[in-house]
Every structure is written in C-alpha cells, then in structure tokens.
Amino acid sequence: MNNKTLYSVSGLFNTPNEIIHASEETVNAGYKKFDVHSPYPLHGMNQAMNLKPSKLGFITLIFGLSGAAFALAFMWWVNVIEYPLVIGGKPLFQLPAFIPVTFEVTVLSAAIFTVVGMLFVMFKFPNNSHPLHDTDYMKKVSADKYGLTIQSIDLQFDENKVTSFLKSLGASEVFSIHYDGEELRTDNKIFNPKFILFLIVTAAVVSGATYFTLNKLLFMSPFNWMVEQDRVNPQSKNEFFADGFGMREPVEGAISRGFTPYKFKGQPENAARYLINSLPMTEINLKIGKEKFEIFCSPCHGNFGKGDSRLKGQFPNPPTLHSEKVRTWSDGAIFHVITDGQNVMPSHAQQISIEERWAVVNYIRVLQSAVNAKESDLK
Amino acid sequence: MSKKPSEQNSVNSHWKSIGEYQDSSSIVEIKQNEFINGATDEFDVSELPILSRRKFLALLSASAAVTVTACTDYRDKGEIVPYTNKPEEITIGKANYYASTCNLCKQNCGILVKTREGRPIKIDGNPDHPVNKGKICNKGQANILNLYDPERLRHPIEKATNSSFIEKNWEEVDKKIIEKLKQSVSANKEIALVAHTNYSPSAKKLFDGFVKVFPNAKIYTYELFSEANKLLAWQKCYGNLNLPVIRLNEAKIILSLDSDFLATDGSVIENIRQFTQQRDIDSPNDFNRLYVIEGRMSLTGMNADYRLRLRPDFQFEFAMSLLSELVLNRGLRTNGIDSSVLSELKKYSLIDFVKKHSFDPNSINNLVGDLIANQGKSIILGGNSLSEQTHIVLNILNDVLGSSKLYDEKSSQMSFQLETSSNDINGLVQKMGKGEVGAVIFYDTNPTYHFPSLDFANQLKKVGISIGLTESKNETSELCHYVLPINNLLESWGDYQTRSGIISLQQPVISPIYKTRQKESILLTWLTGSFDEKNYHEFIRQRWEKEFYPSLKLLSDFTSFWYASLHDGIVTVTENKPQTNKLSISSDSLFTREVKQNNFYVHLVEGQNSSDGRFANNGWLQEIPHPVSKIVWDNYAAVSPKTAKEFKLEDNDVIEIESDDKKISVPCFIQAGQSDGLISIELGYGRTVCGEVGKNVGVNANALINFSDNSPIFYLPASISKTSRKYNLVTAQEHHALDDEFVKDIHRKRKIIQEGTVQQYLNDPKFIQKEKHDVFSITNEVEYNGLKWGMAIDLNKCIGCSGCVSACISENNIPVVGKEQVEKGREMHWMRIDRYYSGTLDEPIVSNQPMLCQHCDHAPCENVCPVAATNHSPDGLNQMAYNRCVGTRYCSNNCPYKVRRFNFLDFRETFEEGYYSQQPISLLNNPEVTVRSRGVMEKCTFCIQRIMEARQIAVEEGRELKGIDVMTACQVACPSLAIEFGDVNDPNSIVSMLRKHELGYHVLEEINVRPNVTYIAKLRNTHSEEV
Amino acid sequence: MRSIDYSIEPSVVEGKPTLAAIDDVVTRPLDTKPTTSWYVAISISGTMLLVGIISLAVTFIFGVGAWGVNQPVGWGFDIVNFVFWVGIGHAGTLISAILFLLRQRWRTGIARFAEAMTIFAVMCAGLFPLIHTGRPWLDGYLMPYPNQHSLWVNFTSPLLWDVFAVSTYFTVSLIFWYVGLIPDFATLRDRATSKIKKIIYSIFSLGWRHSNRHWQHYEMAYLILAGFATPLVLSVHTIVSFDFAVSVIPGWHTTIFPPYFVAGAVFSGFAMVQNMLILIRKIFNLKHIITLDHLEKMNKVMLTTGLMVGYAYAMEFFIAWYSGNATEQFVFLNRALGPYAWAYWIMVSCNVLIPQFFWFKKLRRSIVVMFIIGVLVNVGMWFERFVIVVTSLSRDYLPSSWGHYIPSIFDIGIFIGSFGLFFTLLLLFIKTVPVVSLSEVKAVIDGAQPTHGGRH
C-alpha cells in the first residue's frame, strides 16, 4: 500500500444533487486539481466546478475556413493553371459549379479536426494507463454513481483531510487511488527501438508480399487499357501470315494511284534513248540534288563523285563519275543507273523519288562541269 | 574538332561559284572521314577521364539496364518488322489507293481501294469512273469484310465417301478434274458451266476458249434478278436489246411504276446522283418532281413527292389507262402505234381506274398535267417485276411523251442478260436427271439456294463430276465433289463493261491471302493444263494488247497505255452506239394476256442489303438497318395495315404464305404505305449453308419463285393464313403508332424535322425561321477563332440509302453486335438514319434524317463527365479520350441526340463466340483508329484521324490547314452529295454558307447546345403549299 | 380532446428504471450468446449478400452488358438503388443531428440505432457508383490525385460532387457515431468480465474516464458535429438530385428536385428506421426505452414528409403544364400514361395515398399497421427513383432513339445483395455495440439531472 505512490482520493455520491453540491464545496474549499466523474454529462456541473467555457469552437472555425479556402484554390489551380480544358463551352473558372465541392470539403475538414483536436490534443487520448482505470471507483462512476476525485498533486492535499472532507460532503464510499508501476513509466513507447524495428519489418514484409503476389504470383490485367489493339500497325508482326510480316508487298503489276512503275527495267539503252530530263537546273533543285547525292551517293562515290569512297575500303570503290563515259552519258542513262542499279550498285528507287533522282542527275552534271572546269566557266 | 561558323555557313548556304565551293576544304576533310578518330576504337570505361560525357552515359545506361532487369514484368510491346525491301510506291504509315472494279452486281462500279502497307482497309468509289463517279453502294463497301471473312475457304477440298470434305492441293485436284472433263468429252456428255451474267470481255473470250477446248461444254449464265422483261419489251418495240441510258438529271417529271430505281433497279448510284442533282436548294425552280405508284413502300417511294399505292398486277391497267388518257383524251401524237393498239386503248379509262382504286384525283390530275406540260422532260420508269406487256406500254408512253430526248446518245447499256433463260436452267436440271451431263461447274454461283424448287440437290447426284468454285461454302458447294476456293475481287484481275464505250479494269490490291485462285485462272489452268499465278493477268494483258489496244490507234506504246488504264481503272472509248430505231408495235396480240386476279399477291423483291443472298455472311450488311422498316438481321412479310386488321395480324406474327402448292412461313411486319392485299418479302435471306453469321438469318422465300415462264416470276398470286407462332423481329428504331395522338408527329412538333414545299419556299424563303426563338447563354462564350469544324446535311438530297453508315463502320472499326444486342438497343453505329412517318398509316409521309454526333459548342455530355474524358478541342471538336473513360454512361444519358455509343460488352468477343475477333479480321481494322474495348464510351469523331492526317500534310507543306483538306468517310461515301464538311469560320466554305442558309436549322435549337451539324430543311416539290 | 400541459415534458423512458438496470437491459445482447433467431436472420441476409456478390462477379467479368441498361436508358437499377440507399441513409443523421439541435429528448432512444443504419445504408449506396461502370478498378480516376499526365477530374460534374458528398457524409456520420460511442465503450470496458472484451473495449474507448472536464468539451464537440451534420444531410441529397437536375433531359432538368429529394429521403429513411426499430424493440424487448411514443412521433414525421413528396409530384405536373414546354409536358404525361405508368402509379399510391392513414391516431399507434405502411413507403420510394431515372431516359428528345428498359437477373441479384449487405452489417452491429446510447438515455430518465440549478 504505502510503497505505491498516491494518485488521488476519490469519493462516490449517489445522486446528481449531492455531486453538484459536493463539487461546489470542493471549489469553495480551494481545491484546484479535482475532477468529477459521472456516467453522463450533468447539467450545471460546469458552473459547479466553475470551468471556463470550451474553446473547441475555434479549432472548428479555423479548419473549416482553411478547408474551404483550400478547396476553392485547388479547383481554380487545376482548371485554370494546371490543365485548362474547355468543358461544355463554359469558362474555365465556374464558381457556381465549385460550390458543392467547397462545401463538402469545409464540413469534412472542420468535423475531422474538431474531433481529432478534442480527443488527441486536448484529452491526450488514447490513454488506457490512467490510475483511475480498473478501479472500483471507475467501475461505479461509469455505471450509476457520481464520483469526485481530488488529486494528490493539489497544493493543499492531505490524504486524511481530504478523506474526511469527502465524507463530510456525504460520500457513500471513499477510495485512495494509487499509481501502479506501468502508469509511472515516463519513456515514450513510440520510440521504443523494438517497436520501430517491428514497424520496419512489417513494412518490408507487406510490400514484398504485395509485389510478389501482384507481379509474379497472379500477374493479370483486368483491363489492358487498350494497349493490345486488334489491328495491324505499321512495321508490326502478324502471325496470320506465314512469313510473319504485317506489311505486305503490293501485287506485281498492280498500279497504285500516283505511281508509275519504271518502264525500262533492265533496258539501259532504251532508258538512255527515251528518258528525257524535264527538271530545270534551278537553285532549289540543285539543293535537293546535292542533299540526296550526299546522303545516298557520296558514301561510295565520294563527295564530288571522284569515286573516292569514304568507307575506308569496306566496300569496293565505284568508278569516278567524271570519266569520259559518264560525262557523255545521257541524263536518262544516269537516271536509269540510279533507278535500276548497275553491277554491285543496288537500285535506289525506293529511297529516292523520281523528281529527286532527276535532281541528283542535275547535280552530278554540275559536279562534272565543276570538277572539269574550263577557264570559260569562271567568267 | 571545332569549325569556324563562317565555314559552317559556307557549306549550308548554297554556293555561289565553283571557286567558293572548293574553298571549304576543312569540311571536305571532315567528310572524307565518315567516322571521327577514335570512334572506331574499343570502348573501355576505365580509360575515360572522370565524369567525361561518355563515361556518364555509360554509367547511366548501366544503371538503366539494372533498373530494366529489376522490373521484368512490363508487357512486351512487340517487335519492329520492317520491309526487307521496301516497295517503291509504299511509304510506311501512308495509305495507297488502287483503282479497281467491283463486280458484285450488274453495275460493275469502279472502286478505289485504300490500302495500308499493302493491306486493303477500305473501299470507296473510283472518282474517275463516269458512271458511279467516286461513289459506291454499301454492299460494295462492305465487301472488304468478305475478303477477311474468317470462314473463307482456304484451300481446295474434295468430298470423301462419307460426304465429309478433305483438304487437297491444287495440283492433284486440277489433274483429276481435267481428266474427268476429258472423259465427259469423250463420253459426249455435256459439261455445264453455270455462271452469273458475264460482263467481262476477257472472260467472254475465256469462255469461248473453254468451249473450243471442251466442245460439248455449255455456258449457262443467269442472274436471280434480271431485267429480262424490260429487255424483251424493248426488243419487241425497238428491235434491239440496247436499253438506253437515261439522263435522269434532265428529267423534270419522273414517274416510277413500281421501280425502285434509287435502291435496286438499274445503275442505282448514278440514278441517285442524277436524281438528287435536281434537288438543289440553290435552284428551287429546277426541282424535279417524283411520282411513285407502287405496291410496297420502297426506298424510292419514301422520297416521292406524290406516292400512290397500287398493286403491281394493276400496273398494266394503269399504264393503259394513262396512255388512253394521254392519247385519246389529251390528244398526244402517236407515231409507230397502229390502230389495233388504239382500239385496244378505248377499253381503258383513267377516270374509271382512279375511281376503282380510290386514288386521290388531284394527284392523278397533277400527274397527267405535269406529263403533258413537260413532254421531252419527263420519264416513266417501270420495275423489273412488271410484266413484259406493261413494259411495252411504258415504252409507248415514253415514246408518246418524247422521253427519248432523255436517252444518252453517247452510250447504251450492254445487253448480256438474255444469254440464258430460266427454261435453259430447267433444261439443265432435267438433263442432269437423265444423266446426260458429265460435269457441272458452278462458276461462283449458288443455284441450289436461288432455285430451291428446281431440285438441284437430287439431280446433281446423277452428274459425273460437280465442281463448285466459291469464296466460302454455300448450299451448292456442299453438294459438289470438288470445292475450289476462289479469290475475292480485291485479289483478282479483270475487265468489265456494262455500257458501250466504258471499260472498267480490275486489279488485285493484295496477293491471295489463302491458297485460292481467281476463277478465270482456274478455267485457264484447265485449258492450258498448267497453272501460273500470273496466267489470267497475262491473258487479259495480251487480249488488250492484241485485240483492244490496236483498235484505239493511240500514239503511246501499249505498256504506258496499260499502266495508265490500270492507274485510272477506267478506259472510255467512243464506240458507235447501235442506233435506236423508231418504236413500232404491230400487233395487239401483246395485250391479250390477262393477269388472273387474286385477292392476295406475294411480291418477292431484291434484298436491300442482302441482294440475292451472296452477302448473307456479312455482319455489317446484316446489321445496317433496312432503310424503310429499320429491321435488322431478318427479312419479313410486309403487309398493309388493312390486311393486318383483316387477318388480326400484329407485328411478329408468323404467317403462312402459299402460292401454287409452295408454302413458306414468314414473320409479318405491318408496313405503313403498303398497298392492301400485297405481301412483299425480300429475298437473299434464309441461307442454310454459309458462315456462322448468315446461317438461318431470315427466311428463304426463293421457294415461291415460279419458273414456268422463260424468266422467273417474282410476283405471284398467293393465299395467306395466320399461325399461332410468334417471331421476334428486331428494329434499330422503335416504331410508334401513327394513329396514336400521343406520339404522333412529335418529330415535327419538336422541330427535329423541318419541311416545306418548293412553293412555300419560293413565296417565303424564311418560312422555317418564323418560330425561331433567340437563345442566349448565361456564361460568356468560348471563342473559336481560326479553323472550326462543322458539317451540313442537305435533307433534300439525302434519300436514306445508308451508304454513309457502312462507310463509317468500315472507317472507324465499329464492331458488329448481333441481333440480340440490337434488340436491347446496343447497336454501335456512330451514324444512323432516323426515319419518321407522318400522315396516315395508309398514306404516310416519310422523312429521313442522318443523325450523328453534333459536336455541340455547349456539349451537355462534357459537363457531366466526372473524369473529363470528353471535352472540347480548340478546333471545335467534341472529343473522347477512350483510355480516360471509366464508363459512367452519364454523357450518353445527357446527350439530347442519343448519338453516343457504349461498349456494354466486348462485342468482338461476345458476337457469335468471338467470330469477329478471329484472324484475319485484325487486318481489316483501320490502323489509324483505336479499337475500343469493353466499358468505353464512343461516338462520331468527325473522322479525326483524317483531320490529323490532313494537318500533318499541311504542316509538311508549311501551310495552314484548310477546311477543304478534310473529307469525312460518310461525306466521301454519300452518293447524293448530301453531306458537306469543313470550316464554319471560313466565310467562303460551303459549310458556313449552308449554316447561314435560310433553310438551314439545327435539331433541338431551343436547348441551346449549339450543334455544329446544320440540316437543310427538305422541300417537297408538290403543287400545294403545305406538306 | 384532452388538454396537454406543455410545461412538463412527458418522460421519454417509460417506467423509472435505475441507471444500472438500463445498462443491463441494453448490454444484454452483447453479453449473451446469439439466439437461434439471430442465426436464422444472419444466414438469410448472408445468402442475399452472396447472391449480390455472384451477380457482381458476373458483371465485372462480362461488363455492364450483363445488366438491362442500354441506349437510351444508360442508367437502370444501379443508380436507382444508389439514390434509394442514400435516401435511407438520411433518417439516421437527421434524427441524431437535427432532433438534437431541436432538443428533442425522445431521439435518445433511437439515435444510436438510426446512426448505425445511416452508416450501413450509405455503405450500400456508395457501392453502386463504384460498380456501375462495370470496371471498378478505374474508380480511382474519380479522385483528384496528382498523376504523370497532370490529368484532373472534372469539378463541374454532378457525379464528382457525389463522390465528395457521399464520402464526406459517410466520414462525418461515422465520426459522429463513434464520438457518441466512446462513453458507452468506456462503460462496457468497466463492465467487461472477459479479458479480450476488456482489451477491445479499452482500445475503442480510448481510455475515456467520464471526467466532467471532458464531458464539457465532449458536449461542445457533439453540438458542433450536430450543427455540421444537419446542413450536410440536406446537402447530400441535394447533390444527388443534381445528378438529374443539372442535366438537359426533360423530366430531370427540374429546379424542384433538391427539396423534393431531401423530403423523399427523410420519408423513406424514417420508414426504414421505424421498421427496424419495431423489430429491435420486439427482439430485445427494449419496449420501455424505444417507446410507442417514439414510433408515433416518427409516423408523424413520415406523414409530413409524405405530404411534401406528394406536393412535389403535383408541382412537377403543374410546372410542366405552366412552362408551356411541350417536351416537358410530354415527359410527365408519358410518366402517367406511357409504358411505365404502372411504376408511376405504384409510386403515387405508396407514397401519397397510403401514408394518409397516419392521420388516425389508432393506426398511428398500431405496430402492425405502421410496419406495413413503412414497408410500402419504401417500396413506393424505390419506384419513385425508378420512375425518375428510367421513364425520363426511355423517351427523351428524339423519338427515333426511344427505347425500353428491362432489368436482367443480375440487376435484381445486385439489388438483393445490397439488402443482404445492409442486414448483415445491422445484425453484426446489434451483437457488438449497444443499440441504445447508454450515456444519453441515462441522462434523460426522470431524476437523472440535478433538480436545482439544472437548466437546459
């Protein structure tokens, strides 16, 4: 008994009137650290204990207003700043439409913070290690008795005096309530390393398990977000065709709109005879010709068509374009070589369009005249 | 290596002189070494200086690699498979277009096939084709689905003893067949080749060759729906078979006697174009006037200014009465008709006829008046099911009215159609029975289905060898010994000619996707004994080079000519058209035949979407609502309201129809405007052997066809009886009783349909604006400066053919949902044709209205979407983000036009156990359009993929995107040019002009959603003021 | 006609039980083993719940195509049930909040139970918006969470307002309910005999000590919450009604909807609470705590709100006629005469005609009669929502796209399932938590408050 530290002396009363009277007396007797316990709120008790009116309302006010402000500001930011979208031809910021959400957010934040503030800040709940717990006193006051407790930390506290004082007020029973060991511990359980370790381990296990189950054990996509499209995209594989090519070759002999097949396949002399270069030697054409020449021809033929390859002998060097032969060729002949290829030179028809081919021909002509420039050219 | 900016410039800028060019030596130096020094050295991180760029990159990539390996369960995005050798004409991601020919019906329209990376994905009309001018019917468009039909035959099959089919390869099949054919030649038995009417000169030559090689081969060609009567009549009148080409666009008055010339009769696409040409609101005085006197409510009837109900068996009497009225009472000149005819005419009187059939006398007076007033500018068209006599009378009428002025003098129709009469087909069956036939080749024909009464099924057993050439199995091929799979027309070569002077070429746009051959090349193989996949290509080419090209006497060489022809898909030559000599009717014996009267007649007509049944397995066509009844996935017996009362019939009651001891039972449907005592049934349904889609859809009414005559008779006396059975016909649009005051004419009251008459318009051009309220919005408007998309639909031109619907389906990957889902009201068509009746049940006035997303400025759907999945684009489109959509369906509820469509199920999976989710359907889908999945809302996008493509091109060419750069799929397809699309902010665009037009209106203006689709009020060209 | 002395309030707890007696009575269900009737009840409700779960599974696998919804009727049972349950969920908070503010001491007997019903009803209601897309895994899209596409929700959509309204309403109701429970948990903790119970109750009671220094703030908090809950109740159903009122569809686009819906909600809510209470007081014989007077008072409320609803029906017709808007007129005629007339007339008779019996005191105080009427009222209110949702959609502007709605078995299955969920939760509730607020009831029995200086 004595080795325990005393928390308080508490007395039980049977009727509301008694307890009201008792608390008034206690106040008059100058006790500060006392409390009244009753199974339900008693009217007039605040006056009897002369408590100041509750300040809870301010919390509500502050958080309510800030909730409203946040909601409005957020919606404005989203609709006007972050991602402006024209919705139903209405202006971006539509106050009337935002009111419902604002109201709800206000109520939500106000309600939550009021309760949280009261329970966890003002009452310092949860607290199940209060000395009053598990006492007969508490059992009774939570059922049908009314109790008055004067704490030992009160300045004018004296166990015997208080006991008799309570008795004098007509307490049916008087208890002395002591702390037990558990309740005296001061260190904060939250920072207990064991507890922290426990948290970490749980976190690790849970996340690991989740990842494993979702990604390995049962990897399923309830809805594939239309990633797999039942259509054949360009350059995609298609199992339907034996060769697996989604892209098909056009049928031989069929002519698509705006395309004229090359008539002189494998007949260079006809090409040389019948093909006429209709492309004028304008600056813009030469520009195109130069561009294409340097992309497609220069790697082998060299920048000036001198047949000096840039491929460091990884590929047989072609003959120069400045040979007498080539210079005397008709434009058609050169065009034919580009289109149809020659010896090891493949056809460039698929990379270079017809106009571009003629442009290249023109450019080659320029190169030829440039490389074998005569005095007359400079004038 | 650093280079001075000046040098930089000297290279990039174009060189001025040769000297200057050669100065830029350092650049040359650079270029000489493709790879900078060190580039080719071994790469080693350790050797790199601390935090050099490459080291950093190296580490970065290393770490990236680690991360990637760490999370390995990302979905595989597939691999890139480029062309090994890219064809010159193809640019990846860009479409190619091929001109070709659609030979699915007697029109042989020119088509333009859109391909992507060598795969056809859409069919449109060939703009260069003089007849169909870039338009094509919805059957032609839907053929692309047949090409990719999962149930196409993939290889030759041979019937085993247990009558199951086993796979064979071509070589052995060919060998066996040739041998058999030789046998029957030696055994002097007939080789019958049953083909459809052949319009191809080259194929003609091929047939001749076939007959040469196999002397006792006989070619039978037939069409289920032929113009035989018309032709015979013409022959009797003019002594030749060249039916004229009529320039409808020059006709002021068109009288159609049971002729559905806007849907099935003649060259439909051209008819529609020319007919609607004269319905241009800019010249209201030139409006033509259409009188329709018909038995059933046909698509043409829906568009009539005056429509009278008359059972086809009275048409002859009517025609005679009209003639007598014109000739005897109104004294029109008659040359070429002898007195006997005139005396015959005396028996008839129009007045009596009008009384007898309780016609509205005003209409008839108007008709007669108009005909007389517009001689030379009026034409009378007769339906194919009319008797030969009636057609003769019509020829006389046209002659009397001087209609020959409307006949095109440049070209006339080719007359292939009388090669075989149905007597010959009968004969063939008998011969088969007698065992005189050694071999039958069904050349892509299905007579077993077409002529059930002819009993091919049994007689075929007595034939030595029967060979079915077909794309997918059908009733006939089931009975054959050999079934040879043939190419779809998109895989085939060919040349076709339906008019003198116009030859249309067919070229393949994809090489056969299965082990199939085109039917001509199969015959060719049997002739030559060896196959080569280019054989028919070569055959045509040579025929052209040897026979056709020389006759043209062109300057260019043949190759260029051939390429050019293929490129255009059409060759027009000036042939000297056979002279139409004067009309001459000698004897009155023509008029002797009496039509035996009967209380009930059954009228078998060509299927609107099913034709003669060859499209049965095409889900698109099955699901496109019938233009008149809006019924899908079925045919039905249309009966008049009066008949229905008489027999206590309701919709969906199954009735039994009996015509000379042939019986069928069909669900009946009460059709407003149907004439009493007439039951009309569409053919082409009730296929028993075809793909899953078309199997047992509807009833096969071919059983009733009568073959006693030399051309099959589709109009027969019949008796009907009600059965206790019920059937479930499904319509895409709820029917409302016309007599129920509660729902009557709501479409007019609510100004959904606004109509007037030409008179009304001329008197008061603003007549529809009268009751317009000005609506205002409480918020300030969103500005759309610059390009803003809009559409205008001219209801004067729209005839309701639903060509736009199939174009939309094929462009936008719209799934087939099936009958049950349509019944639940879940069809997915982004565009629909709304059909409204007003007036009385017997004489309804019909209005059509294409309805699609209106892309409202104040789109109500957008406000209510909780996730902003639908919102507005800067160019005025109401757009859908499929992946953002969660599927609350709130937008659809809040859409006043109910044009939004929701994927209630994954329809590709649910329809027929995923019929359209199997290969190769994926090839069909437009790669530019998302394939929507379950739970997603969708709707018309104004073909945004086309808009984006056009914008891309505009950007490439460095210019502003213009309204005219984009044509929506429906606009391209519309044969009557009723749809205009473009920039409403551009004051010169057609759209903006129509938007401002006094006849332009928006549907449901009063709710102020500001639609961007303008409708042009329909003007009916009646004599009266009100509709 | 006896004269009533309004100066003294009739006692809200019949007889004069001692405080301890109240504890015993109220906590008996918690301390005793469940009766067989309870087991029967929960097995039934459990089965219903299972039916619902199966139907849901089917829906999630095949999509909402499994339901009867279609074009044009995009909403069917899903939204009907949603509105229905939200309505049910209204009585609870209304009773505990508004009656609290109005100092209606008779509420104490039924408040706790009503609040619990609210919470469960709102849970049932909240279910439907989550599933009605057929793809509940996308529901997250309705939350404005930061994401890599910087895509946000559409704050102008009534559906989004619903998300906020319903979730707020649920949270606040829950808090309100729990705050009310704390002292009772403390009492239970102190009564508890078994260790486990003690621990559980200790946790939930948060270590409440009945200290009057706490009671003071506690009462303040309770007052504030009540003050917030009241407008919240009104706002929630107002916003639910916006789902329809904000649209352009004739028959939906009506300004009368907010008050009309709230009245309807209170109406159906009270009916449901009344039904449940009748059962509870029977089963746990709380007759003298949940007295006949309480029930009669509730019936009076039902009568009133019933009349309001009736007024709303009439007014809709009047306005439709008065507005001269043909489309609007058609819609209402269509309701009364069209294909869904049967539903409309069920609604009218159950909601307007039947409750008129409550004019008679005898019927008002007859358990059987009031129970039947309560059930009918809820049937009627369910059909009210059906009429509003379905008839308006099935025949709106364009006759071409009119349709018909027929629910599928899965629709019905889910509907049953929602009832299963509701009753299951309710049954668990009455076995785990005092169905009557101990502290509040104690506070209102005669002589519970000090006679002198006691003021309220």
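Residues numbered from 1 in each chain as written. Chains lettered and ligands numbered in written order. Predicted model: local features only at pLDDT ≥ 70, side-chain atom pairs only at ≥ 80, totals over all residues. Heavy atoms only, no water.

The next subject is the overall build of chain C. Helices and strands together make up the secondary structure of chain C, namely 15 helices and zero strands. In summary, chain C has a C-alpha radius of gyration of 23 Å against a globular reference of 23 Å for 456 residues, a match within 12%. For chain C, the spread of C-alpha atoms along the three principal axes comes to 75 × 65 × 45 Å. Classification of the 456 residues of chain C by burial places 64% in the buried group. Taking the contacts inside chain C whose residues are at least 6 apart along the sequence as the reference set, 81% of them involve residues at least 24 apart. (Helix = DSSP H or I, 4+ residues; strand = E, 2+ residues; numbered from the N terminus. Rg over C-alpha atoms; globule rule 2.2 N^0.38 Å. Buried < 20%, exposed > 50% of the residue type's maximum accessible area, 1.4 Å probe, protein only. Contact = heavy atoms within 4.5 Å.)

Taken together, the contacts link 57 residues of chain C with 50 residues of chain B. Taking both sides of the interface into account, the surface hidden between chain C and chain B amounts to around 4,300 Å²; carbon and sulfur atoms contribute 55%. For the chain C face of the interface with chain B, the top three residues by lost area are Q71, Y397 and L398 of chain C, together amounting to 17%. Summed over the shared surface of chain C and chain B, the result is two salt bridges. (Buried area = accessible area lost by both parts, 1.4 Å probe. Salt bridge = Lys/Arg side-chain N within 4 Å of Asp/Glu carboxyl O.)

So, on to the packing of aromatic side chains. Overall, the coordinates contain 106 aromatic pairs over all chains when judged by the stated rule. Arranged with centres 5.8 Å apart and planes meeting at 85°, the rings of F240 of chain A and Y514 of chain B form a pair that is edge-to-face. Here F240 of chain A is found in the loop between α8 (193-217) and α9 (268-274), whereas its partner Y514 of chain B is found in the loop between β18 (502-506) and α19 (519-528) on a different chain. On the basis of relative accessibility, which here comes to 17%, the residue F240 of chain A falls in the buried class. When its relative accessible area of 9% is taken as the criterion, Y514 of chain B is described as buried. Sitting over the face of the ring of Y443 of chain B, K519 of chain B holds its NZ or CZ atom 5.7 Å from the ring centroid. (Phe/Tyr/Trp six-rings, centres within 6.5 Å; stacked < 30°, edge-to-face > 60°. Lys NZ or Arg CZ within 6 Å of the ring centre and 35° of its normal.)

The next thing to look at is the state of the cysteines. Working definition of a disulfide: a covalent bond connecting the sulfur atoms of two cysteines. Residues and elements named next belong to chain B. This structure, assessed with the given rule, holds zero disulfides over all chains. Looking at C856, it has no disulfide partner, and the nearest cysteine sulfur is the one in C853, 6.4 Å off. The class for C856 is buried, based on a relative accessible area of 7%. (Disulfide = S-S within 2.5 Å.)

Residues and elements named next belong to chain B. Across the sheet, seven strands lie side by side as β26-β20-β25-β22-β24-β23-β27; this open sheet has mixed pairing. For this open sheet the edge positions go to β26 (715-717) and β27 (719-726), each flanked by a neighbour on one side alone. Averaged over all adjacent pairs, the angle separating strand axes in this sheet is 35°, with direction ignored. (Pairing = 2+ DSSP bridges. Axes fitted to C-alpha atoms, helices over the stretch in contact; angles between N-to-C directions.)

All names here are of chain C. Contact geometry for helix α4 (residues 108-131) and helix α5 (residues 158-191): axes closest at 10 Å, N-to-C directions at 150°. If you check the angle between α4 and α5, you find them roughly antiparallel. Crossing angle aside, the handedness with which α4 passes α5 is left-handed. Between α4 and α5, the residues in contact are R112, E115, A116, T118, I119, V122 and M123 and V166, Y169, F170, S173, L174, F176, W177, G180, L181 and D184, respectively. Considering only residue class, the contact of α4 with α5 consists of eleven nonpolar, three polar and three charged. (Parallel < 35°, antiparallel > 145°, perpendicular 65-115°, else oblique. Left-handed = near helix turned anticlockwise from the far one by under 90°. Nonpolar A, V, L, I, M, F, W, Y, C, P; charged D, E, K, R; others polar.)

All right, on to the sheet that holds strand β9 (residues 253-257) of chain B then. All names here are of chain B. Overall, parallel pairing links the four strands, which are arranged β11-β10-β9-β12 in an open sheet. Each edge of the open sheet is held by one strand with a lone partner, namely β11 (306-309) and β12 (378-382). Neighbour-to-neighbour, the strand axes of the sheet open up by a mean angle of 10°, direction not taken into account. Direction of pairing for β9 relative to strand β10 (residues 289-294): parallel, over a ladder of five bridges. Directly across from S256, in β10, lies its bridge partner V292.

Attention now moves to the pattern of salt bridges. All names here are of chain C. This model, assessed by the stated rule, comprises 68 salt bridges over all chains. Between K361 and E296 there is a salt bridge, with its nearest N and O atoms 3.3 Å apart. Taken together, the positions of K361 in helix α12 (residues 361-365) and E296 in helix α9 (residues 292-323) put the pair 65 residues apart, joining distant regions of the chain. Linking R335 and E316 is a salt bridge whose minimum nitrogen-to-oxygen distance equals 3.6 Å. Here R335, found in helix α10 (residues 326-337), pairs with E316, found in helix α9; they are 19 residues apart in sequence, far enough to count as distant. No difference in accessibility class separates R335 from E316, as the two residues are buried. One salt-bridge network, held together by shared partners, links D293, E296, K361, R364 and R365.

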